[in-house]
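This is what each chain is made of:
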Amino acid sequence: MSPIDLHVNGRTRSVDLTEDTPLLWALRDGLDLTGTKYGCGIGLCGVCTVWVGGRATRACLAPIGGLGDVEIVTIEGLSESGDHPVQRAWIEADVAQCGYCQPGQILTVAALLESDPDPSVGAIEAALSGILCRCGTYGRIRRAVGRAVELYGLDDDSS
Amino acid sequence: MVPGPAPRRHDRRKPAGDVHWSRRAFLEAGAAATGGLVVSVVFPRCRGELEAGADVGPADSRAPRRPSSPINAFVEIGEDGAVTIVAPIPEIGQGVRTSLPMIVAEELDVAWGSVRVRQAETDERYGPQSAAGSDSVADAWEPLRRAGATARALLVAAAATRWDVPVDECATEVGEVIHQPTGRRLAYAVLASDAARQPVPMEPPLKDPSTFRLIGTRRADVDGAAIATGSAVYGIDVRRPGLLRAAVARCPVVGGSLVRYDDAAALAIPGVRSVHRIDPVVPRDVIYGAVRPGVAVVADHTWAAFRGRDALEVTWDEGRWADESTRRIESDFGRAADAAPDIVLRDVGDVAAALDRAVTRHRAEYVLPPLPHACMEPMNFTAHVHGDRCEAWGPVQNPPLLRALLAAVLELPPERVAVQPVRSGGGFGRRLSVDYGVEAALVSRAAAAPVQVVWSREDSLRFDTFRTPALHRLEGGLDQAGRPIALVHRIVVDSLQRHIVDRAVEHPEVYDVQGAADVGYGLPNVRVEYSAVPVGLRLGSWRSVAHSYNVFAVASFLDELAHAAGVDPLAFLLGLFGHGDDRTVELPLSGWRGRVEFSPRRARGVLEAVARAAGWSGSRRGDGRGIAFAVYKGSYAATVAEVSVTEDGLAVDRILTALDCGIAINPAGLEKQIEGAALDGVATVLHWGMSIDRGRPTATNFDAYPMLRFGADPHVVPILVDSDALPTGSGEPPYPAVPPAITNALFDATGHRARRLPLPTGTARGSA
């Protein structure tokens, strides 16, 4: 079994795992990137969300065998110092209770804003209804998304 | 060692015997008299022999250590002015890593922005360390104020010594000591190392609450940035040198046993190292920590452990509960309700006579399912048993209990066992049953390595410690004027006590009657009866424990009586509680459970506050609205639910909850608990309930066990009622009134009375 290369957060790193290993476990155990969380293993809770080739993807369902050529971004790689507009909005809005689902929520919203910087309520719901929060932060998430849209727009304007 | 839910605030543990005394010896008698926590205030924070340590995340997330001086067990001040305050109680999303350090910081008199929080290891010097019963702020309020005040007094004394002035000429102002006559100032950072050497005052002055600068202000969670960047460390994120992972195949039915297993295929999976039999154990008769029979597959990484476990061939003898089922539970409970009660817990007046003369009599039966906790972070724990010691890390609500049980099971003295709680991805009571922690230690010992036992989502649902199923029968009588004059309530559950400690007790009902037997209705005739029926499930504490089922039954039934009387439900409740003085309900139970204070004034206060906020006296918003009340250990809550109903189904549009929990430490945190409890209440009504068949839960992942999703959540309006009562909890109190408020609203909208939860699938708009 030969090591598999993965391009994660701008670096190429190698893991000594079988091809069928889901990206989730390659990240968490192979690379000690524990920001991506395990919640259900069957793609229904979304806390394992990462970006694969720029798209929000359930890492628990993505075997690493097919991922050698794509860019993978985890919550750790979303920004240099936690200052992505979605992260800033999240911190401002004081969203989290236990916080376990929040990396998946943040990456989902960030992916949405990349393609749709001013999403409709329906688009937000379609994206976020796939990420479970057990603690009940959906109301705060909604406020944070609104603020993220503002900050994202400001960032765009100033860049 | 008393296992189970945390001791009430006036229970105090004695100081640890193993602590080394410094020259500043402090009378043990004095320490015990003022509360065991004073010991921790005296001694500098000396890490015991074993340093489990809080730096257990991946290497990148460990912050570099800067030079700093401990002032006492709770406060450490760095040369750069950074103030490290210990959070003594585990964080499960209830906000205590923020609120408890706020208490210390207030009395210490430092800027909140200069504070860093360190999670306490498990040690008696920190006082109460159990995240249970919504007791954290109530139990830690006074000790933490004194910890902060003592540290402040030591800093003042250090300055006074340095300046050679009397202490009472000095004051503090946000991180500095000031000599008032001359205006000289010294920063705490400069004084810290001297402060630790000052004699410790017995009674440091506490701030007048009217001068609080921090307590009562809204503060964001201290870990917000760490959470948003993925660097917050949860149990499943713990990393240690040489850490292996394990998945355990457990007997699927309670009380069964392992017959045989074949591990050849498992051992052939790449990454799998070894396979071990795990024998069942009930440490010190504590079922809360009991480990099921199992087979552990130990591997280099989690995926290999799961695959290895899948490849095991295991034969179980499923034992006496192999044919347990929802149908059988309900029929057993029904039979018990038909028969005479095991216990009559409260019998005021003459209920039979009052019912006989009542103008209106009404009865109802309510059926509630077992509830799993479904924490977002699956169960897990990390343990390293080696030589004569054990270090353990993970998400746990009751670390002192775990430490005691580990010591017992491993046959080690407690000081050789270190338990370091880390942030928990949800608790809700599941992480009080510490079976998963004991199991991890057994696997580590068998594997002779540090091991993280990871439970899959399926494991976490199947081997949850469920909220008991419940059956309630209530009967009430109204007089001519529609006033309630009699109430009988039969509670049928499995005794939670039976699932905490494996021994006969005088009061098996002790944890099962709150929210029913102890409410100060002021009714002249009340009887509460109890029957316990064993079920083939492991049970445990679930957010608000007995209140989670009792309040649903009581608040629904009171609404039914109100409608039978033709009286507005709010007016009915206000009339029921009346205007009298505070009452004490006495039950034949020990401690605070046996004497429950009830304040009609505070009950009316939350009802009137929520009604006002909801515009109850005006016209309805939506199709229906309902109101319900609950009191949980001195925290009073009332909820109004507004629903709308179309041919697509029921939607819960708005939940308003008024909460009076005494002095509010962090109003932002309280609002979060109200919001979370509201959504739990919606899920309870629309989705939640585990069905049992062939001795086991039938839903093992979120495909079959539905959760509330973004978009289906109502608008939540938290209303914090001002109070200067001593702080009581907020994690559980805002939950119990929510489900009945919703079903009362459903009745208001449709005339349909929901007496069984969850509502049938498809009832909710947009539900799967």
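Throughout this description, residue numbers start from 1 for each chain and increase along the sequence as written. To read the labels, note that chains go from A and ligands from 1, taken in the order they are written. Thresholds applied to this predicted model are a pLDDT of at least 70 for local features of residues and 80 or more for the giving and counting of side-chain atom pairs; totals over whole chains, interfaces and linings are not thresholded and use all residues. Just so you know, side-chain values use all the structure's heavy atoms and leave hydrogens and water out.

## Focus on the overall build of chain A
The line we're drawing: We count a stretch as a helix when DSSP gives it H or I for four or more residues in a row; a strand needs E for two or more, and each element gets its number in order from the N terminus. Relative accessibility under 20% of the residue-type maximum defines a buried residue, over 50% an exposed one, and the middle range a partly exposed one, all with a 1.4 Å probe and only protein chains included. In what follows, a contact means two residues having at least one pair of non-hydrogen atoms within 4.5 Å. To measure how exposed things are, a 1.4 Å probe is used in the Shrake-Rupley method; for residues, cover is taken only from the protein chains shown. Counted as positive: Lys and Arg. Counted as negative: Asp and Glu. His and the chain ends are not counted at all. Taken as the charge location is NZ of Lys, CZ of Arg, CG of Asp or CD of Glu.
For chain A, the helix and strand inventory stands at five helices and five strands. Element order for chain A, N to C, with α for helix and β for strand: β-β-α-β-β-β-α-α-α-α. The dimensions of chain A, computed from C-alpha atoms along their principal axes, are 50 × 35 × 25 Å. Counting the 159 residues in chain A, one finds 57% classified as buried. Across chain A, the fraction of contacts at a sequence separation of at least 24, relative to all contacts at a separation of at least 6, is 56%. Counting every atom, chain A has about 5900 Å² of accessible surface; 48% of that belongs to carbon and sulfur. Considering chain A, the positive charge centre built from 12 side chains and the negative charge centre built from 21 side chains are found 9 Å apart.

## Description of the overall build of chain B
This is how the line gets drawn: What the globule rule says is 2.2 Å times the number of residues to the power 0.38, and the radius of gyration is computed from C-alpha atoms.
Secondary structure summary: chain B contains 18 helices and 29 strands in total. Radius of gyration (C-alpha) of chain B: 27 Å, near the 27 Å computed for a compact globule of 768 residues. Based on the C-alpha atoms only, the size of chain B along its principal axes is roughly 80 × 75 × 50 Å. The burial tally for chain B puts 65% of its 768 residues in the buried class. Put simply, 77% of the contacts in chain B that link residues at least 6 apart link residues at least 24 apart. Of the accessible surface of chain B, which amounts to about 26900 Å², a share of 49% is contributed by carbon and sulfur atoms. For chain B, the distance from the average site of its 84 positive side-chain charges to the average site of its 93 negative ones is 1 Å.

## Considerations on the pairing of strand E6 (residues 176–179) of chain B
Residues and elements named next belong to chain B. Stated formally: Two strands are said to pair when DSSP picks up at least two bridges between them.
Judged from the three bridges that link them, strand E5 (residues 170–172) and E6 form a sheet pairing that is antiparallel. Residue pairing in the sheet places Thr 172 in a bridge with Val 177 of E6. Hairpin remark: E5 followed by E6, antiparallel, with three residues in the connecting loop; positive phi at Val 174, about 45°. One ladder, built from four bridges, connects E6 with strand E7 (residues 184–187); its direction is antiparallel. Paired with Val 177 across the two strands is Leu 186, which belongs to E7.

## Describing the state of the cysteines
Residue and element names in this part refer to chain A. Keep this limit in mind: For the purposes of this analysis, a disulfide is any pair of cysteine sulfur atoms at a distance within 2.5 Å.
Applying the stated criterion across every chain yields a total of zero disulfides over all chains. Between Cys 40, a free cysteine, and Cys 45, which holds the nearest cysteine sulfur, the sulfur-to-sulfur gap is 3.8 Å. A relative accessible area of 3% places Cys 40 in the buried class. You can see Cys 101 has no disulfide; the closest cysteine sulfur is in Cys 133, sitting 4.0 Å from it. Accessibility expressed as a relative area gives 3% for Cys 101, which makes it buried.

## Notes on the interface of chain B and chain A
The condition is simple: Two parts placed together each lose some accessible area under a 1.4 Å probe, and the buried area is that loss summed for both. By definition, a salt bridge exists where a carboxyl oxygen of Asp or Glu is found within 4 Å of a side-chain nitrogen of Lys or Arg. Counted as a polar contact is a pair of N or O atoms within 3.5 Å, where, for protein atoms, one must be capable of donating a hydrogen and the other of accepting one, and residues adjacent in sequence contribute only when both atoms are in side chains. Throughout this entry, Asp, Glu, Lys and Arg are counted as charged residues, while Ala, Val, Leu, Ile, Met, Phe, Trp, Tyr, Cys and Pro are counted as nonpolar. The remaining residues, Gly among them, count as polar.
On the side of chain A, 51 residues touch chain B, which itself brings 58 residues to the contact. Between chain B and chain A, the buried area comes to about 4500 Å², and carbon and sulfur atoms account for 59% of it. Contact with chain A buries area across many residues of chain B, yet B:Trp303, B:Met376 and B:Phe710 alone supply 20% of it, more than any other trio. Applying the counting criterion to the chain B and chain A interface returns eleven salt bridges. Here A:Lys37 makes a salt bridge to B:Asp237, at a shortest N to O gap of 2.6 Å. The interface formed by chain B and chain A includes 30 residue pairs in polar contact (both at pLDDT 80 or more). Elements with a minimum of two residues in the side of chain B that touches chain A: helix H6 (224–228), helix H8 (302–310), helix H13 (457–462) and helix H17 (667–686) of chain B. If one sorts the elements of the side of chain B that touches chain A by residue count, H17(B) sits on top with eight residues. For the side of chain B that touches chain A, the residue count by class is 26 nonpolar, 15 polar and 17 charged.

## A short note on the environment of B:Pro204
Residue and element names in this part refer to chain B. Relative to the helices and strands, Pro 204 is located in the loop between helix H5 (188–195) and H6. The exposure class of Pro 204 is buried, given its relative accessible area of 8%. Counting along the chain gives 536 residues from Pro 204 to Pro 740, while the straight-line C-alpha distance between them is 46 Å. Apart from the residues within four sequence positions on either side, Pro 204 is in contact with Arg 146, Ala 149, Thr 150 and Ala 153.

## Some thoughts on the sheet that holds strand E17 (residues 417–421) of chain B
All names here are of chain B. How we decide: Only the contacting stretch of a helix is used when fitting its axis, a line to C-alpha atoms as for every element, and angles between N-to-C directions run 0 to 180 degrees.
Here seven strands make up an open sheet; going across it, the order is E10-E11-E8-E18-E15-E16-E17 and the pairing mixed. A strand with exactly one partner marks an edge of an open sheet, and here the two such strands are strand E10 (272–278) and E17. Averaged over all pairs of adjacent strands, the angle between strand axes in this sheet comes to 20°, irrespective of strand direction. Bridge count for strand E8 (residues 244–250) against strand E18 (residues 451–454) is three bridges, and the pairing is parallel. Looking at E18, one finds that Ala 246 is bridged to Val 453. Across the sheet, H8 lies against E8, E10, strand E11 (294–299) and E18, angled at about 25° from E8, the strand it touches most.

## Thoughts on helix H3 (residues 102–115) of chain A
Residues and elements named next belong to chain A. What counts is decided by this rule: By this rule the span expected of a helix is its residue count minus one, scaled by 1.5 Å.
Its 14 residues place the ends of H3 20 Å apart at the C-alpha level, agreeing with the 20 Å of an ideal helix rising 1.5 Å per residue. For H3, the tally of buried residues reaches twelve of 14 residues, placing the bulk of the element in the interior. By the burial criterion, the buried members of H3 are Gln 102, Pro 103, Gly 104, Gln 105, Ile 106, Leu 107, Thr 108, Val 109, Ala 110, Ala 111, Leu 112 and Leu 113.

## Observations regarding the nonpolar core
For clarity, the cut-off: Nine residue types can take part in a nonpolar core, namely buried Ala, Val, Leu, Ile, Met, Phe, Trp, Tyr and Cys, and a core is a set of them joined through side-chain atoms within 4.5 Å.
By size, the foremost hydrophobic cluster in this structure holds 247 residues, and its most contacted members are A:Leu6 and A:Leu23. In terms of residues, this core owes the most to one element, helix H14 (residues 547–565) of chain B, which gives ten residues. If we ignore the near neighbours within four places in the chain, the residues touching A:Leu6 are A:Arg11, A:Thr12, A:Arg13, A:Val15, A:Leu23, A:Ala26, A:Ile64, A:Leu67 and A:Ile72. Formed by 52 residues, the second largest nonpolar core is a distinct cluster that contains B:Ile77, B:Leu108, B:Ala151 and B:Leu154.

## Things to note about the packing of aromatic side chains
Spelled out, the test is: Aromatic contacts are taken between Phe, Tyr and Trp rings whose centres are within 6.5 Å, Trp giving its six-membered ring; a plane angle under 30 degrees counts as stacked, one over 60 as edge-to-face, and the others as tilted. Sitting over a ring, as applied to charges here, requires NZ of Lys or CZ of Arg to be within 6 Å of the ring centre and within 35 degrees of the ring normal.
Taken as a whole and judged by the stated rule, the model has 18 aromatic pairs over all chains. Look at A:Tyr100 and B:Tyr234: their rings are 5.2 Å apart centre to centre, the planes differ by 80°, and that puts the pair in the edge-to-face class. With A:Tyr100 in the loop between helix H2 (85–93) and H3 and B:Tyr234 in the loop between H6 and E8, this pair bridges two chains. Residue A:Tyr100 is classed as buried on the basis of its relative accessible area of 0%. Residue classification places B:Tyr234 among the buried residues on the basis of a relative accessible area of 1%. On the numbers, 6.3 Å between centres and 85° between planes, the contact of B:Phe598 with B:Phe629 is edge-to-face. Taken together, the residues B:Phe598 in strand E23 (residues 595–598) and B:Phe629 in strand E24 (residues 624–632) connect sequence positions 31 residues apart. Considered together, B:Phe598 and B:Phe629 belong to a single accessibility category, that of buried residues. Taking NZ or CZ as reference, A:Arg142 lies 4.5 Å from the ring centre of B:Phe710, over its face.

## Points about the pairing of strand E16 (residues 389–394) of chain B
Residues and elements named next belong to chain B. The element E16 is extensively covered by neighbouring structure, given that five of its six residues are classed as buried. Sheet topology note: the strand E15 (residues 380–386)/E16 ladder contains five bridges and is antiparallel. By the bridge assignment, Val 385 is partnered in E16 with Cys 390. Hairpin connection from E15 to E16: two residues lie between these consecutive antiparallel strands, with Gly 387 at a positive phi of about 55°.

## Description of the sheet that holds strand E13 (residues 343–348) of chain B
All names here are of chain B. Read across the sheet, five strands follow the order E13-E21-E20-E19-E14 without closing on themselves; strand pairing throughout is mixed. This sheet does not close on itself; its edge strands, each paired only once, are E13 and strand E14 (360–368). In this sheet, neighbouring strand axes are inclined to one another by 10° on average, regardless of whether the strands run parallel or antiparallel. Where helix H9 (residues 326–338) meets the sheet, it contacts E14, strand E19 (470–478), strand E20 (484–493) and strand E21 (526–532), and its direction lies at approximately 35° from that of E19. Its contacts with the sheet put H14 on E14, E19 and E20, and the angle it makes with E14 is roughly 150°.

## Some remarks on the confidence of the model for chain B
All names here are of chain B. What counts is decided by this rule: Every residue gets a pLDDT, meaning the predictor's confidence in that residue, from 0 to 100.
With 91% of its residues at a pLDDT of 70 or more, chain B has an overall mean of 91. With pLDDT under 50 throughout, residues 1–54 is counted as low confidence; its partners more than four residues away or in other chains account for 113 contacts. Under the prediction, the complex receives an ipTM of 0.98, its pTM being 0.93.

## Quick word on the environment of B:Leu686
All names here are of chain B. One can find Leu 686 in helix H17. Each C-alpha atom of the pair Leu 686 and Thr 98 lies 32 Å from the other, and the pair is 588 residues apart in sequence. Other than its neighbours up to four places away in sequence, Leu 686 contacts Leu 650, Pro 758, Leu 759 and Ala 764.

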